[in-house]
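Letter by letter, the chains look like this.
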Amino acid sequence: MRIQTLLATNLLGCLFPLSGLCQDDVKWITVDSEGPSFTLSSSNISYQFHVDPLTLDLVHDHWGAYAAETVPDFNGVMSGWGAHADGDTVSAFSYTGHDISPGKPSLPGLPATYGDEGDVSTLIVHLYDKYSDISADLYYSIFPRYNAVTRSFRITNNGSQDVTILRASSWSIDMLNEELEMIDLYGDWAAENRINRRVVVHGEQGFRSSAGYSSHFHNPFLALAPPSTTESLGPATGYSLIYTGSFSADVERWSTGWVRVLLGLNPLHLSWPIAPGETFTSPEVVSVYSEQGLGGMSRSFHSLYRNHLSRSNQTFETRPPLLNSWEGLGFDFNQSSMVKLAEDAAGLGCILFVNDDGWFGTDYPRNNDSLGLGDWTPNPAKFPEGLGPYVGQVDDIIVQNSSKHMQFGLWVEPEMINPDSDLYKEHPDWCMHAGSHNRTLQRNQLVLNLGLSEVQEYVITVIEKILDSATIRYIKWDNNRGMHEMPSPSANHAYMLGLYRVIDNLTTAHPEILWEGCASGGARFDPGLLHYWPQSWTSDDTDGLERLHIQFGTSYPYPPSAMGCHVSAVPNHQTGRTTPLTFRAAVASMCGSFGFELDPSTLDQEELDAIPTLIATQQKINPIVINGDFYRLALPDKSNWPAAMFVSPGSDSAVLFAFQIHSALKPLPPPLKLQGLDSSAKYRVSNGTWEQSWSGSTLMNAGLGLRWPQSDYESIILTIDRQ
């Protein structure tokens, strides 16, 4: 038996007015027994649906701003499809009951938001298909503080035959006829998360990843808003899938004008079998509603994800400034040159030194990207005594103008394997492959199949061995190719469950380590992995101008505190562009994790003298970047003077980042109007050498008239403190 339509709906108008809601109800969930009708509500939002009394289908009524009652729709009936014979691809689920619980249950084997009864309440609606003997439990949770509702479902096979899930959309909603635009993020390697805003027209429109991961090409996020909605004004609804594998986002406007939104797994990479007695659990979708434009939507996502998705000990901590070896030395190094690089990093004021790729491999030493992946043993030619003594040397280094010792970090890519490796020679069937078909290489490597329990155990064991061999404070977990030639469509989801098990095991066992995700840059910058570690490498493109576009786009669903950005050498390795050191440092300082990708020995004295001050400035403002509310004041694809600011909780302090892309005689820059401050308060505004005081109302309504020099790629950082 195959199940394709997980919920057949009959969109009959609700004729049962919902009784008035108490907005202070501690459970935030109200059920009217007549129907019944369900409302998840706070003082700002309402999510409403009801059970059709004739068909027992679930019918969506409203998702958006607070509404005290359900408004009936008298515009007619739009029937769904239903059939229920063995071997078909439809289902006939009917309502059987519901439960309400304080707090929020976890999702077995999957990352998800979390919270106790003071944060969230959960409604579980039970459905049953009597023809197929399959039950469904639909989970709706409300986080009232963040104007957020989450959804997921579980399908249980109660019958005697196998069932296959062909399509699984964790979020399915039908919206009435409104003029809407869709905002999503597209891109590629070194060009991630570019903002795409388009009209929702009749027919299907959407996007998906079929790369096996969330990918560079599209992010598992979309937003819907009227054309009049701006960054700070108007309604907007955002949708974010907490998942790292292939996904699908579909928006369809029907002939009636109604709009259906689906977000979930990519059906090309699913076909998930459920044996009798087994249960399939879908990943979770988070949706937030904002009346403060797309900026308000983003701030809801940011705050929710920091407080109720990320579980890392470092989520709210100031991150250490680091130097990564990759762009400085590449594969060409040994222990002496690495220790020298670490000493140079300490001389600049860096606190963390990261040894990137090239440190491992015995029979197949990792001297280029075709060798050694899978063999996680230190290369004896580079580190004759292993990692322990080498890391000890780095730990003994004292950071300049400080009593702190240097910390050590390490790069790994445990999900990959080179054919030229001991592991591949011993276990060639551990890689992702399809029978006797050709095993296509990308970047000279194959994907280890983490859907296999023995591969999971191997990865856990070898990474634990590395962590036990030395004092390692940071791990950069990389992944540098997509999935191809899978043995079956279900292999992708099996891989994800295995990956989550591995990372859950390691991060739980080592909460003291700062873990950072990476996938050829931002190919896996998604909520699924942000559950386990607090930050992810945003892009391999470290050019200051490109990074402005990438970071502004990434900030639509993700907090800047979760982004990693480094200052690299110029001309930039990716674009060939030369930008000032201060510009590159300002762009990087907008992210939670700040560092350098260069060899200090190649810098001139002026740059060497400037870097300690740049690091000191970054460390001063990093707590606000980590914990503050983020406001996009002007977008780099819309303005020659992009700007953003972070405001601390309580609006007591803020930091403003402003940029000039190109020198311009005319037109003059517009006044920069700030946001998020207390209009009645007085603030001291300073760039470190001068300061002046203005009221919050002046800063927000009249704005600042910044003076820019006649040169390209200029930046200004201002601190703003309540007096």
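Residues numbered from 1 in each chain as written. Predicted model: local features only at pLDDT ≥ 70, side-chain atom pairs only at ≥ 80, totals over all residues. Heavy atoms only, no water.

> Summarise the nonpolar core; cite the residues concerned and give the values.
Membership of the largest hydrophobic core comes to 175 residues, with the highest contact counts inside it found for Trp171, Tyr239, Phe353, Trp359 and Tyr390. Setting aside chain neighbours within four positions, we find Tyr390 in contact with Gln335, Met338, Val339, Phe353, Asn355, Phe383 and Phe408. (Core = buried A, V, L, I, M, F, W, Y, C linked by side-chain atoms within 4.5 Å. Buried < 20%, exposed > 50% of the residue type's maximum accessible area, 1.4 Å probe, protein only. Contact = heavy atoms within 4.5 Å.)

> Describe the environment of Trp537, listing the residues and the values that go with them.
Tracing the chain through its elements places Trp537 in strand β29 (residues 535-537). By relative accessible area, which is 2% here, Trp537 ends up buried. For the pair formed by Trp537 and Gly522, sequence separation is 15 residues and the distance between their alpha carbons is 6.0 Å. Setting aside residues no more than four positions away along its own chain, Trp537 makes contact with Glu516, Gly517, Cys518, Gly521, Gly522, Phe525, Thr542, Arg547, Gly564, Cys565, His566 and Glu597. Polar contacts involving the side chain of Trp537 include one to the side chain of Asp540, which spans 2.9 Å. (Helix = DSSP H or I, 4+ residues; strand = E, 2+ residues; numbered from the N terminus. Polar contact = N/O pair within 3.5 Å; in protein donor to acceptor, adjacent residues only side chain to side chain.)

> Outline the confidence of the model for the protein, listing residues and values.
Mean pLDDT over the protein works out to 93, with 94% of the residues at or above the 70 mark. This model gives residues 1-26 a pLDDT under 50, and the stretch forms 104 contacts once residues within four places in sequence are excluded. Contacts of residues 76-85 to residues separated by more than four positions or lying in other chains number 23 contacts, the stretch itself having pLDDT below 50. (pLDDT = per-residue confidence, 0-100.)

> How would you explain helix α4 (residues 387-395) if you had to name every residue and give the values?
Those residues of α4 lying buried are Leu387, Tyr390, Val391, Val394 and Asp395. In an axial view of α4, the angular spread of the buried residues amounts to 140 degrees, which keeps them on one side of the axis. Buried residues along α4 sit in contact with α3 (335-348), β23 (352-355), β24 (407-412) and α6 (453-469). (Arc of directions from axis to C-beta.)

> Hey, could you go over unusual backbone geometry for me, with residue numbers and the actual values?
Omega for the peptide link from Gly35 to Pro36 comes to -10 degrees, which places this bond in the cis form. If you trace the backbone, Pro36 turns up in the loop between β2 (29-32) and β3 (37-41). Residues Val570 and Pro571 are joined by a peptide bond in cis, for which omega reads -5 degrees. Tracing the sequence through the fold places Pro571 in the loop between β30 (563-568) and α10 (581-589). One non-glycine residue with positive phi stands out, namely Asn147, at about 55 degrees. With respect to the helices and strands, Asn147 occurs in the loop between β8 (134-143) and β9 (148-157).

> Provide a residue-level description of the sheet that holds strand β35 (residues 682-686), including the pertinent values.
As summarised here, the arrangement of the six strands in space is β32-β33-β34-β37-β35-β36, forming an open sheet in which the pairing is antiparallel. The sheet is open, and its two edges are formed by β32 (629-634) and β36 (691-695), each paired on a single side. Shown here is a sheet whose adjacent strand axes are inclined to one another by a mean of 20 degrees, direction ignored. Helix α11 (residues 605-627) rests against β32, β33 (643-647), β34 (653-660) and β37 (714-722) of the sheet, and its axis sits at about 95 degrees to β34. (Pairing = 2+ DSSP bridges. Axes fitted to C-alpha atoms, helices over the stretch in contact; angles between N-to-C directions.)

> Explain the sheet that holds strand β11 (residues 169-175) to me, using residue names and the numbers behind them.
The four strands lie next to each other as β11-β18-β17-β14, forming an open sheet whose pairing is antiparallel. With one partner strand each, in any of the chains shown, β11 and β14 (203-209) form the two edges of the open sheet. Neighbour-to-neighbour, the strand axes of the sheet open up by a mean angle of 5 degrees, direction not taken into account. Of the strand pairs in this sheet, β11 and strand β18 (residues 259-265) are connected by six bridges, and their pairing is antiparallel.

> I'd love a proper account of the layout of surface pockets, names of residues and values included.
The computed volume of the second largest pocket comes to approximately 740 Å³. At the level of elements, α10, α11, β35, β36 and β37 are the ones that each hand at least two residues to the lining of the second largest pocket. Taken together, the residues of the lining of the second largest pocket break down into 13 nonpolar, 12 polar and five charged. (1 Å grid on protein atoms, 1.4 Å probe; cavity = no way out; pocket = protein on both sides within 12 Å on 5 of 7 lines; lining within 4 Å. Points joined across faces, edges and corners; volume = space filled by probe spheres on them. Nonpolar A, V, L, I, M, F, W, Y, C, P; charged D, E, K, R; others polar.)

> Which residues make up the packing of aromatic side chains, and what are the values?
One pass over the full model with this rule turns up 36 aromatic pairs. Through a chain of ring-to-ring contacts, the aromatic side chains of Phe38, Tyr47, Phe49, Trp63, Tyr95, Tyr140, Trp171, Tyr239 and Tyr289 assemble into a single cluster. Just above the ring of Trp171 sits the side chain of Arg151; from NZ or CZ to the centre is 5.2 Å. (Phe/Tyr/Trp six-rings, centres within 6.5 Å; stacked < 30°, edge-to-face > 60°. Lys NZ or Arg CZ within 6 Å of the ring centre and 35° of its normal.)

> Lay out the side chain of His302 with the relevant residues and their values.
Within the secondary structure, His302 sits in helix α1 (residues 293-308). A relative accessible area of 2% means that His302 is categorised as buried. Among the polar contacts made by the side chain of His302, one reaches the main-chain carbonyl oxygen of Tyr558 at a distance of 3.1 Å. Aside from chain neighbours lying at most four places away, what touches His302 is Ser555, Tyr556, Pro557, Tyr558, Pro559, Pro560 and Phe630.

> Lay out the packing of α6 against helix α7 (residues 491-509) with the relevant residues and their values.
Viewed as axis vectors pointing N to C, α6 and α7 meet at an angle of 25 degrees, and their least axial separation amounts to 10 Å. By the criterion of interaxial angle, the relationship of α6 to α7 is roughly parallel. With respect to the hand of their crossing, α6 and α7 are arranged in right-handed fashion. Residue-level contacts link Gln456, Glu457, Val459, Ile460, Ile463 and Glu464 of α6 to Gly498, Arg501, Val502, Asn505, Leu506 and Ala509 of α7. When the residues that make up the contact of α6 with α7 are grouped by side-chain class, the tally is six nonpolar, three polar and three charged. (Parallel < 35°, antiparallel > 145°, perpendicular 65-115°, else oblique. Left-handed = near helix turned anticlockwise from the far one by under 90°.)

> Go over the pairing of β8, please, and point to the residues and values.
The buried fraction of β8 amounts to 10 of the 10 residues, a majority that puts the element mostly inside the structure. Covered by surrounding structure in β8 are Ile134, Ala136, Leu138, Tyr140 and Ile142 together with Ser135, Asp137, Tyr139, Ser141 and Phe143, the residues of both alternating faces. Note: β8 against β9, 10 bridges, orientation antiparallel. Note that in β9 the partner of Ser135 across the bridge is Thr156. Between β8 and the antiparallel strand that follows it, β9, lie four residues; Asn147 among them carries a positive phi value of about 55 degrees.

> Describe in detail empty space enclosed by the protein, supporting the description with residues and values.
This structure, assessed with the given rule, holds five cavities of 30 Å³ or more. As a volume, the largest cavity reaches approximately 70 Å³. In this structure, the largest cavity is lined by Tyr305, Arg306, Leu309, Ser310, Thr315, Leu530, Pro534, Pro559, Ser561 and Ala562. Here the lining of the largest cavity is built from residues that sort into six nonpolar, three polar and one charged. Lining the second largest cavity, in full, are Lys104, Pro105, Leu107, Thr122, Tyr139, Tyr140, Ser141, Thr150, Arg151, Ser152 and Glu284. Elements represented by at least two residues in the lining of the second largest cavity include exactly β8 and β9. When the residues that make up the lining of the second largest cavity are grouped by side-chain class, the tally is four nonpolar, four polar and three charged.

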